[in-house]
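Geometric and topological summary
Given next are the chains, with one letter for each unit.
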Amino acid sequence: MSELINPNPIVHERKSTIRIKSDHRNEALVAEGREPIDALEIFDHIRDINDPEHPYTLEQLNVVSEDQIEVDDDRGRVSVQFTPTVAHCSMATLIGLSLRVKLMRCLPPRFKIDIKLSPGSHSSEAAVNKQLADKERVAAALENPNLLSMVNRCLSPPQESVNEQQQQQQQRNVGEAATAS
């Protein structure tokens, strides 16, 4: 990408999350062998998705937040709204697709997933929401190797983790080389 859509995004700190003790209904579901899914769990799944343009996560850019997530565990519905950093963001569809794919991969198949832009957050809100809600368009997009590669890049571990893993591997290689000598 030669020119950034938003060259100076506001970066927020990662928020700590605290799980509130479950109620009796949740305890009954756990006893049946099914742990209920709530907004915090969904947020934990999507908070570390990488922004396609910047080396930050969607949480750090305040694109996703726990209060933009609704879960109806009994009916198997998850609704996520997201807010791009600028109203003319050309990456909004890719971000929405990344959110959908991440949740499709980690939630039980009984869940229907709705991904939408926050109302008033994008200049092409209706068109982007229509694309994200169209199952055939989503399936076609995921058959495109280039687009799937971009989604997988967004879903890969944050760059810091990758750099740490590379550094650890280099240290092991140095250690192995020293022991071999």
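Here goes a summary of the coordinates provided. Here the structure is a predicted model, which means the values were calculated and not measured.

Focus: the overall build of the chain
Counting its secondary structure elements, the chain contains seven helices and three strands. In the chain, the succession of α and β elements from N to C terminus is α-α-β-β-α-β-α-α-α-α. When each of the 181 residues of the chain is scored for burial, the buried share is 35%. Once local pairs closer than 6 in sequence are excluded, the contacts in the chain between residues at least 24 apart make up 67%. Taken as a whole, the chain presents about 11,400 Å² of accessible surface, with 50% of it coming from carbon and sulfur.

Some words on the side chain of threonine 57
Its place among the elements puts threonine 57 in the loop between helix H2 (39-46) and strand S1 (69-72). If we skip the residues at most four places from it in the chain, threonine 57 touches Arg47, Asp48, Ile49, Asn50 and Asp51.

Examining the nonpolar core
Phe82, Leu99 and Leu103 are the most contacted members of the largest nonpolar core, which has 36 residues in total. Counting only elements with at least two residues in this core, the list comes to H2, strand S2 (77-82), helix H3 (92-106), strand S3 (112-117), helix H4 (125-133), helix H5 (135-143) and helix H6 (145-155). It is H3 that contributes the most residues to this core, seven residues altogether. Leave out the neighbours within four places in its chain, and leucine 99 touches Ile46, Ile49, Leu58, Val64, Phe82 and Ile115.

Overview of the pattern of salt bridges
Within the structure shown, the criterion is met by seven salt bridges. In this structure, arginine 75 engages aspartate 72 in a salt bridge whose closest nitrogen and oxygen atoms are separated by 3.1 Å. Note on arginine 75: relative accessible area 67%, which makes it exposed. We note a salt bridge from arginine 77 to aspartate 114, for which the minimum N-O separation is 3.2 Å. Remark: aspartate 114 occurs in strand S3 and arginine 77 occurs in strand S2; sequence separation between them is 37 residues. On the basis of relative accessibility, which here comes to 36%, the residue arginine 77 falls in the partly exposed class. Take aspartate 114: its relative accessible area is 18%, and that puts it in the buried class.

Some thoughts on the pairing of S3
Note: S2 against S3, six bridges, orientation parallel. Directly across from phenylalanine 82, in S3, lies its bridge partner leucine 117. Taken together, S2, H3 and S3 constitute a β-α-β crossover, and its handedness is right-handed.

Some details on the pairing of S2
Burial along S2 is one-sided: the face carrying Val78, Val80 and Phe82 is buried and the face carrying Arg77, Ser79 and Gln81 is not. Two strands pair when backbone bridges link them, and S1 and S2 are joined in this way by four bridges, in the antiparallel orientation. Looking at S2, one finds that valine 71 is bridged to valine 78. Taking the residues that link successive antiparallel strands as the turn, the S1-S2 hairpin has four residues, and the phi of glycine 76 there is positive, at about 70 degrees.

Rules used throughout
Residues numbered from 1 in each chain as written. Predicted model: local features only at pLDDT ≥ 70, side-chain atom pairs only at ≥ 80, totals over all residues. Heavy atoms only, no water. Helix = DSSP H or I, 4+ residues; strand = E, 2+ residues; numbered from the N terminus. Buried < 20%, exposed > 50% of the residue type's maximum accessible area, 1.4 Å probe, protein only. Contact = heavy atoms within 4.5 Å. Areas by Shrake-Rupley, 256 points an atom, 1.4 Å probe, with all protein chains shown as cover. Core = buried A, V, L, I, M, F, W, Y, C linked by side-chain atoms within 4.5 Å. Salt bridge = Lys/Arg side-chain N within 4 Å of Asp/Glu carboxyl O. Pairing = 2+ DSSP bridges. Right-handed = clockwise from strand over helix to strand, strands pointing away.

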